[in-house]
Amino acid sequence: AKKIGVLTSGGDAPGMNAGIRAVVRCAIAKGMEVVGVHHGYNGLINGDIEQMDVRSVSEILHRGGTMLYTARCLEFKEQAGILKGKETCEKMGIDGLVVIGGDGSFRGARDLSLAGIPTVGIPGTIDNDISCSDFSIGFDTALNTAVEAVDRLRDTSQSHDRCSVVEIMGHGAGHLTLDTGIACGACAIWVNEVDFDVDRDIIQKIKSTASNGKHHFIVAVGEGITDVHALAKEIETKTGVETRATVLGHIQRGGTPTARDRVLATKLGVHAVELLEKGIGNRVVVIKGNTVVDYDILEALQMKKGIDKKLFEDAKLINI
Ligand code: F6P
């Protein structure tokens, strides 16, 4: 490719900026021109695009969010939207594109590749639900943010002998909830991927651990599974332990990316440009066992990754 574009799509994730920086700097170092596309695929449809130079990406490595803005673009799910995107690329001489985002964004990347614009996807989402990759950009930061928040909840629940129910993001996937629960010593972890019963796995657990000397409790619940405020009332009624609920919400999406997320984003960004340099598109660049690899997008979208069931069982074993 001679001129490539980069965009971020879907929910933002800390470390996306590090990915943008790697793409821009790597492309320029290799003699290519680079443009930044604003607001995800929307910018491609309506030509909201900026020319990038090496200094355009200064001072963003350590910042959360995405300097290119992001969006979930419905129009790009339709053929007409894809054709508009393709036309913009042709008009501007963009002959390669890097898309940082989640599964939905990869579908757009595949469609654009099929339409003739080689496009490479990089996983960026706090949910870590990209099956073909061990980790996605933003997960490590969100995990550390959630852990810090739950540690704070622990202080106050410990002081009051309370139970703290905490709702953690994940868009139906339990990775963030499970790892936060493990790192914070939650007495119960409720995620979609496992068989769970409130009476057996929360109420009885609180009662049995209370009988051997435990006074405060953390219950980690994946977003969208249940109403955590109603659950808190139920726990209080059935166990007699005063209970409060907290929804962590978008706090988990912001903040300074961890070193791990910056390094991951840099590795993936460089690899994506190396593919486009050779004119290769329709690939997703991911991390597998600490090695950067790439897959055909369709193949990547068909892969399945569950949560770490052994880890879930380990938590039940030791949080007694
Ligand atoms: O995909 C990231 C994520 O934060 C999910 O965990 C959550 O379900 C969703 O995005 C929230 O979306 P929005 O930012 O549109 O409220």
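Structure: see above.
The numbering scheme is per chain: residues are counted from 1 as the chain's sequence reads. Reporting of local features is limited, given that this is a predicted model, to residues whose pLDDT is at least 70; pairs of side-chain atoms are given and counted only at 80 or more, and all residues count toward the totals for whole chains, interfaces and linings. Side-chain measures were taken over the full set of non-hydrogen atoms in the model, leaving aside hydrogen atoms and water.

(A) Layout of the environment of leucine 68. Examined against the element boundaries, leucine 68 turns out to sit in the loop between strand S3 (49-52) and helix H3 (79-92). In this scheme, a residue with accessible area under 20% of its type's maximum is buried, one over 50% is exposed, and one in between is partly exposed, where area comes from a 1.4 Å probe on protein chains only. With relative accessibility at 0%, the residue leucine 68 sits in the buried group. In this structure, the C-alpha to C-alpha distance between leucine 68 and serine 9, residues 59 residues apart in sequence, is 9.4 Å. In what follows, a contact means two residues having at least one pair of non-hydrogen atoms within 4.5 Å. Setting aside anything within four residues of it in sequence, one finds leucine 68 in contact with Val6, Leu7, Thr8, Ile20, Gly36, Val37, His38, His39, Glu50 and Met52. Only runs of H or I of at least four residues qualify as helices and only runs of E of at least two qualify as strands under DSSP, and these elements are numbered from the N terminus.

(B) Geometry of the pairing of strand S8 (residues 217-222). Counted residue by residue, S8 has six buried out of six residues, so it is predominantly covered. The alternating pattern of S8 places Phe217, Val219 and Val221 and Ile218, Ala220 and Gly222 on opposite faces, both of which are buried. Any two strands with at least two DSSP-identified bridges between them are counted as paired. Two strands pair when backbone bridges link them, and strand S6 (residues 163-168) and S8 are joined in this way by six bridges, in the parallel orientation. Each residue of the ladder has a partner; that of valine 166, found in S8, is alanine 220. Note: strand S7 (residues 188-190) against S8, three bridges, orientation parallel. Within S8, the residue paired with tryptophan 190 across the bridge is valine 221. We call a crossover right-handed when, viewed with both strands directed away from the observer, the connection leading from the first strand over the helix to the second proceeds clockwise. Taken together, S7, helix H7 (residues 198-211) and S8 form a β-α-β motif whose crossover is right-handed.

(C) Expanded view of unusual backbone geometry. Non-glycine residue asparagine 282 carries a positive phi angle of around 60°. Inspection of the secondary structure assignment puts asparagine 282 in the loop between helix H9 (259-277) and strand S10 (283-288). Accessibility expressed as a relative area gives 18% for asparagine 282, which makes it buried. Backbone geometry places asparagine 290, a non-glycine residue, at a positive phi of 65°. With respect to the secondary-structure elements, asparagine 290 resides in the loop between S10 and strand S11 (291-296).

(D) The sheet that holds S6, seen in detail. The strand order across the open sheet formed by four strands is S7-S8-S6-S9, and the pairing between neighbours is parallel. Single-partner strands in this sheet number two, and they are S7 and strand S9 (243-247). The average angle at which neighbouring strand axes cross in this sheet is 15°, direction not considered. Note on geometry: axes are C-alpha line fits, over the in-contact stretch for helices, and angles between N-to-C directions span 0 to 180 degrees. Of the strands in this sheet, S6, S7, S8 and S9 are in contact with helix H8 (residues 228-239), which crosses S9 at around 165°.

(E) View of the side chain of arginine 253. Inspection of the secondary structure assignment puts arginine 253 in the loop between S9 and H9. On the basis of relative accessible area, arginine 253 is assigned to the buried category, the value being 18%. One polar contact links arginine 253 to aspartate 12, side chain to side chain, over a distance of 2.7 Å. Those residues in contact with arginine 253, other than ones at most four positions away along the chain, are Gly11, Asp12, Pro14, Ile126 and Met169. In protein, a polar contact means a hydrogen-donor-capable atom and an acceptor-capable atom, both N or O and within 3.5 Å, with residues adjacent in sequence counting only if both atoms are side-chain atoms; elsewhere, any N or O pair within 3.5 Å suffices.

(F) Representation of the sheet that holds strand S2 (residues 33-37). If you walk across this open sheet you meet the seven strands as S3-S2-S1-S4-S5-S10-S11, and the pairing is mixed. Strands at the two margins of the open sheet, each flanked by one partner only, are S3 and S11. If you compare each strand with its neighbour and ignore which way they point, the axes differ by 25° on average. Inspection of the sheet shows strand S1 (residues 3-8) paired to S2 by four bridges, in the parallel sense. Paired with valine 6 across the two strands is glycine 36, which belongs to S2.

(G) Spatial organisation of the pattern of salt bridges. Salt bridge criterion: a side-chain nitrogen from Lys or Arg within 4 Å of a carboxyl oxygen from Asp or Glu. Summed over the entire model, instances satisfying the criterion amount to 16 salt bridges. Of the charged contacts, one joins aspartate 12 and arginine 253 as a salt bridge, the two residues approaching to 2.7 Å between their closest N and O atoms. Of the two residues, aspartate 12 is situated in the loop between S1 and helix H1 (16-29) and arginine 253 in the loop between S9 and H9; the sequence distance between them amounts to 241 residues. Using a relative accessible area of 19% as the deciding quantity, one classes aspartate 12 as buried. Of the charged contacts, one joins lysine 86 and glutamate 90 as a salt bridge, the two residues approaching to 3.7 Å between their closest N and O atoms. Of the two residues, lysine 86 and glutamate 90 both sit in helix H3, four residues apart, roughly one turn of that helix. A single salt-bridge network, built from bridges that share partners, covers Arg162, Glu242 and Arg244.

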